[in-house]
Amino acid sequence: KRLIEAASKPYRTKRIHIGMDEAMQLGRGKYIEKNGYQNRFEFMNQHLQEVVSITEEFGLQPMIWSDMYFRLASQNGNYYEFDTSLLDQLRQSIPKVQMVYWDYYHSDESFYEGMLNTHKQIVPEPIFAGGVWTWNGISPNYARAFRNSNAALNACRKVGVKEVFATMWGDNGAETPIQTALPGLQLFAEHTYHQEVSREHLEERFTYCTGYKLDDFLLFNQFDEIPGVMEDNLYSSNPSKFLLWQDVLVGLFDENIKELPIAEHYKKLMLELQHTKERNHGMELLFHFYEQLAKVLSVKAELGIDVKSAYNQKDKPRIKVLLESLENLKVEIESLRKAHRDVWFSVNKAFGWEVLDIRYGGLLTRIETAEYRLRAWLVGSALKLEELEEGRLRYDGPEQFPDNVTLGRGEAYNRIVTA
């Protein structure tokens, strides 16, 4: 009650989103120890009714994400595979709330139509929430956002959905600057007014509304859609994130990118970004940050592979050259940190930047330790380096995909920096 009062107080609107999504362990934690097994569907309804009674007290109109009800109607807890025979029970038992169908993952228009029509069997006016994919790492995934949003918004129009959300989550540190959401927001806006939205039309409207160049923004897509990743990056690989934060001595992701022209890719991207600042007045900080990121990745992406190779061959002259590269890399990473900081403070409050300062600090410190270790090996005070003695294994995250489509899906910082 205190939370709802505090959250709604600063706003004139009477509408409030009370969430309740992804509560997969509902009734299965301490609750089941204390109270024994309860029907989770009824349990969810009881809790929702409690919260709705509070929103009613404040004269608020609540909405929730719909996924938990669909998950509870599924044998395996899947949002998209549920028992349709339970829809009547759903409709009769759910308290009076608006339901929001969130889905950022499908590229098939008919899939969205099916889910929206199912929602309409439960509530008369469902809301749809799509995503502009700002949460995958350190750069946006425009290709997937555009492909999925076009399918979803076309379906919304066919089914008669009157209201949609464009979500811009900031998972795992909000590393992607929020300004990168602009092309996705423009796409949502154009779908509001037009039956079809062509690339040429979007480009024209984006420049008219913002003054910026769409093609320049879309270069950010190339940070993650690199060699080894499928077209449109539909499995949300985020190599720009894991190649930035991974350790140069431990090289958890080195086997994944081995023999791919990654450094060359980022070098080319850096050159393409060089003149974007001049064409996008007001976004100079953003384009400078991404240009510097491309520069850092063009050096760092394959550096761990080179160090391991030189060590394996006991090539001390080569290690000396790579030590110079590491020293130069520290300078470029410090410039990247400051460029990222400038972008952050141009739009955000201070809270949250400390997370990224700590990440950059950790990266710089680990590079310094890598230099310390390599020098110890060069002078003979360390006879071998355990970090480089280890064979490199392919990193396989929690979700598996066919070969040649992804280099890892949406890896989080804690799974990148250490095994």
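Going by the structure above, here's the rest.
From a predicted model like this one, the values you see are computed outputs, not experimental measurements. (Residues numbered from 1 in each chain as written. Predicted model: local features only at pLDDT ≥ 70, side-chain atom pairs only at ≥ 80, totals over all residues. Heavy atoms only, no water.)

**Description of the overall build of the protein chain**
Helix and strand content of the protein chain: 20 helices and 5 strands. Viewed in the frame of its principal axes, the protein chain has a C-alpha envelope of about 75 × 60 × 40 Å. Taken over 419 residues, the protein chain has a buried fraction of 50%. Counting every atom, the protein chain has about 20,700 Å² of accessible surface; 50% of that belongs to carbon and sulfur. (Helix = DSSP H or I, 4+ residues; strand = E, 2+ residues; numbered from the N terminus. Buried < 20%, exposed > 50% of the residue type's maximum accessible area, 1.4 Å probe, protein only. Areas by Shrake-Rupley, 256 points an atom, 1.4 Å probe, with all protein chains shown as cover.)

**Topic: the nonpolar core**
F223 and L244 are the most contacted members of the largest nonpolar core, which totals 121 residues. Among the elements that line this core, the one with the most residues is helix α18 (residues 353–379), at 11 residues. (Core = buried A, V, L, I, M, F, W, Y, C linked by side-chain atoms within 4.5 Å.)

**Section: the side chain of D247**
Within the secondary structure, D247 is located in the loop between α11 (239–245) and α12 (254–257). Of note is the side chain of D247, whose polar atom sits 2.8 Å from the backbone nitrogen of L249. (Polar contact = N/O pair within 3.5 Å; in protein donor to acceptor, adjacent residues only side chain to side chain.)

**Looking at the packing of aromatic side chains**
Each aromatic ring pair is specified by the distance between its two centres and by the angle formed by the two planes. All told, the structure shown has 30 aromatic pairs when counted by the stated rule. Consider the rings of W344 and W353, whose centres lie 5.8 Å apart with planes at 55°: the pair is tilted. The ring of Y311 carries the charged tip of K314 above its face, separated from the ring centre by 4.7 Å. The cationic tip of K316 hangs over the ring face of W377; the distance from NZ or CZ to the ring centre is 5.1 Å. (Phe/Tyr/Trp six-rings, centres within 6.5 Å; stacked < 30°, edge-to-face > 60°. Lys NZ or Arg CZ within 6 Å of the ring centre and 35° of its normal.)

**Observations regarding the pattern of salt bridges**
Counted according to the given criterion, the structure contains 27 salt bridges. Residues R205 and E190 are paired through a salt bridge, measuring 3.3 Å at the closest nitrogen-oxygen approach. With R205 in helix α9 (residues 199–210) and E190 in helix α8 (residues 182–193), the pair connects residues that are 15 residues apart, well separated along the chain. You can call R205 partly exposed: its relative accessible area is 28%. Residue E291 is joined to K277 by a salt bridge in which the shortest nitrogen-to-oxygen separation is 2.5 Å. (Salt bridge = Lys/Arg side-chain N within 4 Å of Asp/Glu carboxyl O.)

**Digging into the environment of I127**
The residue I127 is located in strand β4 (residues 127–131) in this model. For I127, the contacting residues outside a window of four places in its chain are R15, M63, Q98, M99, V100, Y101, E163, V164 and F165. (Contact = heavy atoms within 4.5 Å.)

**As for a nonpolar patch on the surface**
The grouping of M168, I178, L185 and V347 at the surface amounts to a nonpolar patch, some 290 Å² of accessible area in total. The residue L185 is located in helix α8 in this model. For L185, a relative accessible area of 32% gives the class partly exposed. (Patch = residues over 30% accessible without salt bridge, like charges linked within 9 Å, V, L, I, M, F, W, Y side chains within 5 Å.)

**Brief notes about the packing of helix α6 (residues 109–120) against helix α7 (residues 142–159)**
In the contact formed by α6 and α7, the axes pass within 8 Å of each other and the chain directions differ by 45°. In this view, α6 runs oblique relative to α7, as classed from their interaxial angle. Considering how the two elements wind past one another, α6 and α7 form a crossing that is right-handed. In this structure, α6 contributes E109, Y112, E113, L116, N117 and K120 to the contact, and α7 contributes N148, A151, A152, N154, A155, C156, K158 and V159. Class assignment for the residues of the contact of α6 with α7 results in 7 nonpolar, 3 polar and 4 charged. (Axes fitted to C-alpha atoms, helices over the stretch in contact; angles between N-to-C directions. Parallel < 35°, antiparallel > 145°, perpendicular 65-115°, else oblique. Left-handed = near helix turned anticlockwise from the far one by under 90°. Nonpolar A, V, L, I, M, F, W, Y, C, P; charged D, E, K, R; others polar.)

**Considerations on the sheet that holds β4**
Strand order in the open sheet made by the 5 strands is β1-β2-β3-β4-β5, with parallel pairing throughout. Each edge of the open sheet carries a strand with a single partner, namely β1 (15–17) and β5 (164–167). For this sheet the average axis-to-axis angle between neighbouring strands, irrespective of direction, equals 25°. For strand β2 (residues 61–65) and strand β3 (residues 98–102), the ladder comprises 3 bridges, and the chain directions are parallel. Bridge assignment links M63 to a residue of β3, and that residue is Q98. (Pairing = 2+ DSSP bridges.)

**A closer look at the pairing of β2**
Of all 5 residues in β2, 4 are buried; the element is thus mostly enclosed. With 3 bridges connecting them, β1 and β2 associate as parallel partners. Bridge pairing links R15 to Q61 in β2.

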